[in-house]
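Topology and contacts: notes
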Amino acid sequence: MNSDDYHESGEFLDLFSLDAWQALRDPVRAALEGAAPQAGSIVDLGAGSGLSSLLIAEVLPDARIVAVEPSAVQRAALLCRLGADPGLRERVTVVAAGAQDAPLPDRIGGALAMNMIGHLAPDARRELWGRLRDRLADGAPLVVNAQPPAVPMEIPEAEFVRVRVGTHTYVGSGAAEPDGPGALRWRMRYRVLDHSDQLVREVTAAYRWFVVSPEAIVAELTEAGLHAVTGPLDVVRAVVR
Ligand SMILES: C[S@@+](CC[C@H](N)C(=O)[O-])C[C@H]1O[C@@H](n2cnc3c(N)ncnc32)[C@H](O)[C@@H]1O
């Protein structure tokens, strides 16, 4: 297995995330309230192709951003987004690492961990809360979302996104099965269909995902010394108590 979970799917992920980010925009914007860009950079953990970094840059026009992303394919999409925009290129630093290994600035003005927390095993997740707690400036938020399901379960294959590009339609679907305590194995299928819905290409990818509910995230963050509240779309906002 490739160690980059997004080696195959990285080609499609930005496209497939556009609608989700339309919905997440307002909850994340609201959760970023209190960010302190003057105190330190905003850290975007698992930044992917940069849709999250783009929103941070828009909401906090004076912020510097550290975008932490372990996948080379995703970083290629991210750098492509940054390279085309001189302002972003000036403000966003890309770090090739996982959230658990990334060197973080001593002081940070906020942190985002969107659509990625299931990549971390529970121990790594708790360790991350501690590292962020030690660095977050006064009142600066950590913003993290939980994605269903909250318990390991069998999920039959279902289509979750369909996007038209030129004469092709890109279709994303996925199924999951329990994969040990607290984890799932997602099996994703990405299909490219032509104008008459004939299959042009099919790519599959599988990765392990540690399930966690918003309530469990709030409990862990509380234990780590943060005050955490769940908002719309299971976006959790936490600040150091
Ligand atoms: C579904 S994407 C989300 C990307 C972006 N945050 C967004 O919401 O559009 C998940 C991202 O997490 C990254 N990732 C995987 N393992 C990670 C880890 N251990 N630490 C940080 N990011 C990780 C993947 O490479 C991928 O880019």
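Because the structure is a prediction, the values reported are computed rather than measured.

Right, let's talk about helix 3 (residues 72-83) for a bit. Helix length check: helix 3 (12 residues) gives 16 Å between terminal C-alpha atoms against 16 Å at 1.5 Å per residue, within 8%. When we look at burial in helix 3, the residues that qualify are Gln74, Arg75, Leu78 and Leu82. Buried positions in helix 3, seen along its axis, are confined to an arc of 95° and lie on one side of it. Among the structural elements, helix 1 (10-31), strand 2 (65-68), helix 4 (86-91) and strand 3 (92-95) are those in contact with the buried residues of helix 3.

Moving on, we come to the pairing of strand 4 (residues 108-113). With 6 of 6 residues buried, strand 4 lies mostly within the body of the structure. Inspection of the sheet shows strand 4 paired to strand 5 (residues 142-145) by 3 bridges, in the parallel sense. By the bridge assignment, Ala111 is partnered in strand 5 with Leu142. With respect to chirality, the unit in which strand 4 leads through helix 5 (residues 122-135) into the neighbouring parallel strand 5 is right-handed.

In the vicinity of the ligand there are 19 residues, among which Gly46, Glu69, Ala99, Met114 and Asn115 approach most closely. Contact distances for the ligand include 2.9 Å between a nitrogen atom and a backbone N or O atom of Met114. Here Asn115 contributes a side-chain N or O atom positioned 2.8 Å from an oxygen atom of the ligand. Burial of the ligand by the protein chains amounts to 91% of its free accessible area of 590 Å².

The rules we used
- Residues numbered from 1 in each chain as written.
- Predicted model: local features only at pLDDT ≥ 70, side-chain atom pairs only at ≥ 80, totals over all residues.
- Heavy atoms only, no water.
- Helix = DSSP H or I, 4+ residues; strand = E, 2+ residues; numbered from the N terminus.
- Expected span 1.5 Å × (residues − 1).
- Buried < 20%, exposed > 50% of the residue type's maximum accessible area, 1.4 Å probe, protein only.
- Arc of directions from axis to C-beta.
- Contact = heavy atoms within 4.5 Å.
- Pairing = 2+ DSSP bridges.
- Right-handed = clockwise from strand over helix to strand, strands pointing away.
- Near = heavy atom within 4 Å.
- Polar contact = N/O pair within 3.5 Å; in protein donor to acceptor, adjacent residues only side chain to side chain.
- Areas by Shrake-Rupley, 256 points an atom, 1.4 Å probe, with all protein chains shown as cover.

All we've got here are geometric facts, nothing functional implied.
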